[in-house]
Amino acid sequence: MTVLPTDPSDLQASIADAAAVLADGGLVVLPTDTVYGIAADAFDADAVAALLAAKGRGRAMPPPVLVVSVAMLDVLAVDVSQAARALAQAFWPGALTLVVSAQPSLQWDLGETAGTVALRMPDEATAIALLESTGPLAVSSANRTGMPAATTVTEAKGQLGSRVARYLDGGPSRGGQASTIVDATSSTLTILREGAISRAELAAIVPHLAAELSTPDGDAG
């Protein structure tokens, strides 16, 4: 396991190193605008399985997928509602995870997704640079299941250790709070977890989200 610096003078080389590890099926920890995440190539089923094993969780809790642009909604998802698009336009990049119906033609295996995928575009330069190099990444919070989410690379390394090949050190997480998750698989959106973006902020874009919060389901960093 190697910690990689992300200072401007080192970033290009560190991104190239991390991207090569991901392309070879390895795992990388990266900073995001919420908490640190553990990443795998979203289209490598063995790498995704290794991500879940590193966290100590099973296929019943599939990882979300980080993307580099709002346009990826139409690449990775189908039947995206106007309300969901409005939220993405308002809060991406940022701490909003949208659960949508996955494009059925995609050759990936994220776990027991029931035909859905949780998508987010992070607001963090290192994460975006890595995504631009690799394409969509399966990313979950960088912690062992049941432990606190890591807000520094040291915390992530302490929990995940040699299960991860590379650790991108972006300093302390700016947010430190997990993303808000919205179920957008139907025309009536539902908040699954209220995180860094409040219900009131969401309801300013989609008014029916002012209703009572539903039961949380999983994590999405």
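Higher on the page you've got the structure.
Residues numbered from 1 in each chain as written. Predicted model: local features only at pLDDT ≥ 70, side-chain atom pairs only at ≥ 80, totals over all residues. Heavy atoms only, no water.

Engineer: Teacher, can you tell me more about the overall build of the protein chain here?
Structural biologist: When its secondary structure is counted, the protein chain shows 7 helices and 11 strands. In terms of overall dimensions, the protein chain is globule-like: its C-alpha atoms have a radius of gyration of 16 Å, near the 17 Å expected for 221 residues. Dimensions of the protein chain, computed from the C-alpha atoms along their principal axes, are close to 45 × 35 × 30 Å. Considering the protein chain as a whole, with its 221 residues, one finds that 50% of them fall into the buried category. For the protein chain, long-range pairs separated by at least 24 residues make up 65% of all intrachain contacts whose partners lie at least 6 apart in sequence. Working note: accessible area of the protein chain is about 9200 Å², and carbon and sulfur atoms make up 51% of it. (Helix = DSSP H or I, 4+ residues; strand = E, 2+ residues; numbered from the N terminus. Rg over C-alpha atoms; globule rule 2.2 N^0.38 Å. Buried < 20%, exposed > 50% of the residue type's maximum accessible area, 1.4 Å probe, protein only. Contact = heavy atoms within 4.5 Å. Areas by Shrake-Rupley, 256 points an atom, 1.4 Å probe, with all protein chains shown as cover.)

Engineer: Is there a simple way to think about the pairing of strand β8 (residues 137-141) in this case?
Structural biologist: Regular strands place side chains that alternate from one sheet face to the opposite one. Burial analysis of β8 places 5 of its 5 residues in the buried class, the great majority of the element. Where strand β3 (residues 37-41) meets β8, 5 bridges bridge the pair, whose relative direction is antiparallel. Note on β8: the bridge partner recorded for Ala40 is Ala138. Direction of pairing for strand β4 (residues 65-66) relative to β8: antiparallel, over a ladder of 2 bridges. Residue pairing in the sheet places Leu66 in a bridge with Leu137 of β8. (Pairing = 2+ DSSP bridges.)

Engineer: Mind showing me how you'd approach the pattern of salt bridges here?
Structural biologist: Oppositely charged side chains can form a pair if their charged atoms are brought close together. Scanning the model with the defined rule gives 6 salt bridges in all. Across the salt bridge formed by Asp74 and Arg85, the nearest N and O atoms sit 2.8 Å from each other. Here the residue Asp74 occupies a position in helix α3 (residues 73-76), and Arg85 occupies one in helix α4 (residues 82-91), the gap between them amounting to 11 residues. Notably, a salt bridge pairs Arg199 with Glu194, separated by 3.7 Å at the nearest N-O pair. Judged by its relative accessible area of 33%, Glu194 falls in the partly exposed class. (Salt bridge = Lys/Arg side-chain N within 4 Å of Asp/Glu carboxyl O.)

Engineer: Sorry, what's going on with the environment of Pro207 here?
Structural biologist: Looking at where Pro207 falls in the secondary structure, it is placed in the segment after α7 (199-203). Given the relative accessible area of 61%, Pro207 is considered exposed. Once the C-alpha coordinates of Pro207 and Ala83 are considered, the two residues, 124 residues apart in sequence, prove to be 9.7 Å apart.

Engineer: Got a minute to help me understand the pairing of strand β10 (residues 180-183) in this structure?
Structural biologist: Both strand β6 (residues 96-102) and β10 contribute to a ladder of 4 bridges, which runs parallel. Directly across from Val99, in β10, lies its bridge partner Asp183. Two elements, β10 and strand β11 (residues 190-193), share 3 bridges in a ladder whose sense is antiparallel. The partner of Asp183 across the bridge, within β11, is Thr190. Joining the antiparallel neighbours β10 and β11 is a turn of 6 residues.

Engineer: Even after reading the chapter, I still don't get the nonpolar core, so can you show me in this structure?
Structural biologist: The tendency in soluble globular proteins is for nonpolar side chains to be buried side by side. Core analysis: the biggest nonpolar cluster contains 68 residues, and Leu87 and Leu130 have the highest contact counts within it. If sequence neighbours within four positions are ignored, Leu87 has contacts with Trp92, Leu96, Leu98, Val182, Leu189, Leu202, Ile205, Val206 and Leu209. (Core = buried A, V, L, I, M, F, W, Y, C linked by side-chain atoms within 4.5 Å.)

Engineer: Explain unusual backbone geometry here, please?
Structural biologist: Peptide bonds are, in most cases, trans, and in most cases residues other than glycine have a negative phi. The linkage connecting Trp92 with the following residue, Pro93, adopts the cis geometry, with an omega of -5°. Within the secondary structure, Pro93 sits in the loop between α4 and β6. The phi torsion at Asp79 lies on the positive side, around 55°, for a residue other than glycine. Here Asp79 is to be found in the loop between β5 (77-78) and α4.

Engineer: Explanation requested: the environment of Gly94 in the structure shown.
Structural biologist: Within the fold, Gly94 resides in the loop between α4 and β6. Sequence separation between Gly94 and Asp33 is 61 residues, and the spatial gap between their C-alpha atoms is 7.1 Å. Not counting residues up to four positions away in its chain, the partners in contact with Gly94 are Asp33, Arg120, Met121, Pro122 and Asp123.

Engineer: What is the right way to look at the side chain of Asn143 in this model?
Structural biologist: As for its placement among the helices and strands, Asn143 is situated in the loop between β8 and α6 (153-160). Side chain to side chain, Asn143 and Ser141 meet in a polar contact 2.6 Å long. Contacts of Asn143, omitting those with residues within four sequence positions, involve Lys55, Pro148, Ala149, Ala150, Gln159 and Leu160. (Polar contact = N/O pair within 3.5 Å; in protein donor to acceptor, adjacent residues only side chain to side chain.)

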